[in-house]
Amino acid sequence: MTATHITPLPYPAMLAILIALLAPFAIYFSTAQSIVSVWNQSETFAHGYVILPISLWLIWQRKKLLKHMAPQPYWPGLIALAACGFGWLLAELGDVQVVRQYMFVAMLPAIVIIMLGWQIAWTLAFPLFFLLLAVPFGEIFIAPLIDFTADFTVIALQFTGIPVLRDGSSFTIPSGNWSVVEACSGVRYLISSVTLGCLYAYLTYRSTWKRVWFILASIIVPIIANGLRAYMIVMLGHLSGMTLAVGVDHLIYGWIFFGIVMFFMFWLGSFWRDDKAASDYVPTTQSINTTVATSRLGWASLATVLCLALWPAYAAYVSQLNMNQTAIHIDRLPVTWKESSSFTTWRPRFLPGSAVLDQSYLDGTQAAGMLINYYRNQNRDSAVISTLNEMVQDHDRNWLKTHSETRSLNIDGQNLTVRETFIKGSAETLLAWDWYWIDGQFTANKYVGKVLQTKAKFFLHGDDAASVLIYAPYAENPDEARTVMQRFMQAHLAAITQTLQANKKR
């Protein structure tokens, strides 16, 4: 069967397509800018710069196929675009940056479907999917990767016959002290491996199952390899008397090891490569009425731009209605314990709130501290839930967060779930309980908190929220601190709740 060459589109039709494709970058400029900002600030996501050029190159590779296809606007694609816009709206109200970014990038395939039709969109499915890898996502995996790397390293050391004393993600062996921190989690290796694995699987295999299996391997292999890397670095330090692999050189060793692992993974994968299909396109005998095509593409472009513009406009309207300028009073918290000077130099790093209560208390010889950050009219520089809110910064030389878990409490018949964090200093140890108050409810789960925040703003309840932190020192047994904090909570939880609720009233 002989393929019929499609008549090139007139310039007005091409302009309509170009306007639709570029419109998201103009209308959602701040979201696009936030993606680039993360690329600039984090080496983990610097690969994002090459994703779009690679996608365009992959599209260019299919030019022979595309020239035999006629653009056919597909109006139901507006439903997918509207779903992305609504998802962006909810993420904007809840200030969930990564969801905003994913919804923004997902708009591009939806626009291709609307403007060019299903046949062309399906032909470009992988290049369009590959764009999603430009979104800087992966920080959610840091904590579990740290735990896995610490578990793997400790087990490997013990299997080798080296005694280990572990405290959370830190451990001690006879030759020195080690700690698995964010830079050691392997998240950079994982993200790099998945990105390369997806591209390699697409270019090397025709079989869907082969592609799936190789992508799965690109997820599992770097996780295990990072555990081996951490073990080898500890062994290098141990066997060299803590002179090798104890500074920046262990990061260099890590990337060299990762490069070797990736080389062998791709080399092994090449044994199952598929030859390129003999015929990679379906010929068409369809002719195009350029006048009709230009008209349809023009209307499709207009509908696309209007659909894109709806959600930011509504987000601005809702945010304006949620603004609250009344005064906040959290310094009037009635307490039965005696106020005292601080018993510790430790302070968490939280984004500044609209009002803060930072006070230490005494009841006899028992001491407890309380920190309440109250947030109103939140933004990226002042938010109750943010990755920038940390108990201990990653490179703090004086304090170390050794462990964190959720804990259920019963305070005068009220069930309360908190995050329990163990904090270790050079001369003291602390135990901390923290949780959120959002839309009048307590939660320790940041994801539930984001849902509550989104719901509150969507239904015009305002965005008032607070983070509550109680902490106490202990010598050896953390139950010492738990007993003190339990007593403090029994005496003051009702007052904390009433004070927060009183400020929320509008």
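First things first, this report covers the structure right here in the doc. (Residues numbered from 1 in each chain as written. Predicted model: local features only at pLDDT ≥ 70, side-chain atom pairs only at ≥ 80, totals over all residues. Heavy atoms only, no water.)

## A few points about the overall build of the chain
Logical step 1: When helices and strands are counted, the chain shows 15 helices and 11 strands.
Logical step 2: For the chain, the proportion of its 506 residues judged to be buried stands at 47%.
Logical step 3: Contacts in the chain between residues far apart in sequence, at least 24 positions, make up 74% of those at least 6 positions apart.
Logical step 4: Roughly 25700 Å² of accessible area belongs to the chain as shown, and the carbon and sulfur atoms make up 63% of that amount.
Logical step 5: Measuring between centres, the 34 positive side-chain charges of the chain sit 12 Å from its 31 negative side-chain charges. (Helix = DSSP H or I, 4+ residues; strand = E, 2+ residues; numbered from the N terminus. Buried < 20%, exposed > 50% of the residue type's maximum accessible area, 1.4 Å probe, protein only. Contact = heavy atoms within 4.5 Å. Areas by Shrake-Rupley, 256 points an atom, 1.4 Å probe, with all protein chains shown as cover. Lys, Arg positive; Asp, Glu negative; His and termini not counted. Charge placed at Lys NZ, Arg CZ, Asp CG, Glu CD.)

## A few points about the side chain of Lys450
Logical step 1: Positionally, Lys450 belongs in helix α14 (residues 446–458).
Logical step 2: For the buried Lys450, no salt bridge exists, and the shortest N-O distance to an oppositely charged side chain is 4.4 Å, to Asp95.
Logical step 3: Of note is the side chain of Lys450, whose polar atom sits 2.9 Å from the backbone oxygen of Gly94.
Logical step 4: When near neighbours in sequence (up to four residues on either side) are disregarded, Lys450 contacts Gly94, Asp95, Val96 and Ile385. (Salt bridge = Lys/Arg side-chain N within 4 Å of Asp/Glu carboxyl O. Polar contact = N/O pair within 3.5 Å; in protein donor to acceptor, adjacent residues only side chain to side chain.)

## Considering the packing of helix α9 (residues 142–160) against helix α11 (residues 208–239)
Logical step 1: Where α9 meets α11, the axes come as close as 9 Å, and the angle between the chain directions of the two elements is 50°. Classified by the interaxial angle, the pair formed by α9 and α11 is oblique. For the pair α9 and α11, the sense of crossing is right-handed. Contact with α9, carried on its side by Leu145, Phe148, Thr149, Phe152, Thr153, Ala156, Leu157 and Thr160, involves Ile223, Ile224, Asn226, Gly227, Leu228, Ala230, Tyr231, Val234 and Met235 of α11 and no other residues of that element.
Logical step 2: Each residue belonging to the contact of α9 with α11 can be placed in one class, and the counts come to 12 nonpolar, 5 polar and no charged. (Axes fitted to C-alpha atoms, helices over the stretch in contact; angles between N-to-C directions. Parallel < 35°, antiparallel > 145°, perpendicular 65-115°, else oblique. Left-handed = near helix turned anticlockwise from the far one by under 90°. Nonpolar A, V, L, I, M, F, W, Y, C, P; charged D, E, K, R; others polar.)

## Examining the environment of Gly176
Logical step 1: Note that Gly176 resides in strand β3 (residues 176–179).
Logical step 2: Spatially, the C-alpha atoms of Gly176 and Ile59 are 53 Å apart, while their sequence positions differ by 117 residues.

## Here we look at the packing of aromatic side chains
Logical step 1: The full count for this structure, using the stated rule, is 30 aromatic pairs.
Logical step 2: Centroid distance Tyr102 to Phe137: 5.8 Å. Interplanar angle 65°. Geometry classified as edge-to-face. Of this pair, Tyr102 sits in helix α6 (residues 97–116) while Phe137 sits in the loop between α8 (125–130) and α9, placing them 35 residues apart in sequence.
Logical step 3: Classification of Tyr102 by relative accessible area gives partly exposed; the value is 26%.
Logical step 4: Since its relative accessible area comes to 32%, Phe137 is described here as partly exposed.
Logical step 5: An angle of 90° between the planes, with centres 6.1 Å apart, marks the rings of Trp435 and Phe442 as edge-to-face.
Logical step 6: What makes Trp435 buried here is its relative accessible area of 0%.
Logical step 7: The rings of Phe263, Phe264, Trp267, Phe271 and Trp272 are connected pair by pair, giving a single aromatic cluster. (Phe/Tyr/Trp six-rings, centres within 6.5 Å; stacked < 30°, edge-to-face > 60°.)

## Description of the pattern of salt bridges
Logical step 1: The final tally for this structure, using the stated rule, is 15 salt bridges.
Logical step 2: Salt-bridge contacts for Lys210 lead to Asp274; the nearest nitrogen and oxygen are separated by 2.7 Å. Within this pair, whereas Lys210 is found in helix α11, its partner Asp274 is found in the loop between α12 (249–269) and α13 (290–322), the two being separated by 64 residues in sequence.
Logical step 3: The exposure class assigned to Asp274 is buried, which follows from its relative accessible area of 16%.
Logical step 4: When the shortest N-O distance is used, the salt bridge between Arg347 and Asp358 registers 3.1 Å. Of this pair, Arg347 sits in the loop between β4 (338–340) and β5 (355–363) while Asp358 sits in strand β5, and the two are 11 residues apart along the sequence.
Logical step 5: Asp358 gets classed as partly exposed once you look at its relative accessible area, which sits at 36%.
Logical step 6: One salt-bridge network, in which partners are shared between bridges, spans Arg407, Glu420, Asp479 and Arg482.

## Some points on the pairing of strand β2 (residues 170–173)
Logical step 1: Two elements, strand β1 (residues 165–167) and β2, share 3 bridges in a ladder whose sense is antiparallel. Paired with Asp167 across the two strands is Ser170, which belongs to β2.
Logical step 2: Hairpin connection between β1 and β2: a loop of 2 residues separates the two successive antiparallel strands, and Gly168 in this loop has a positive phi of roughly 65°.
Logical step 3: The pairing of β2 with β3 spans 4 bridges and is classified as antiparallel. (Pairing = 2+ DSSP bridges.)

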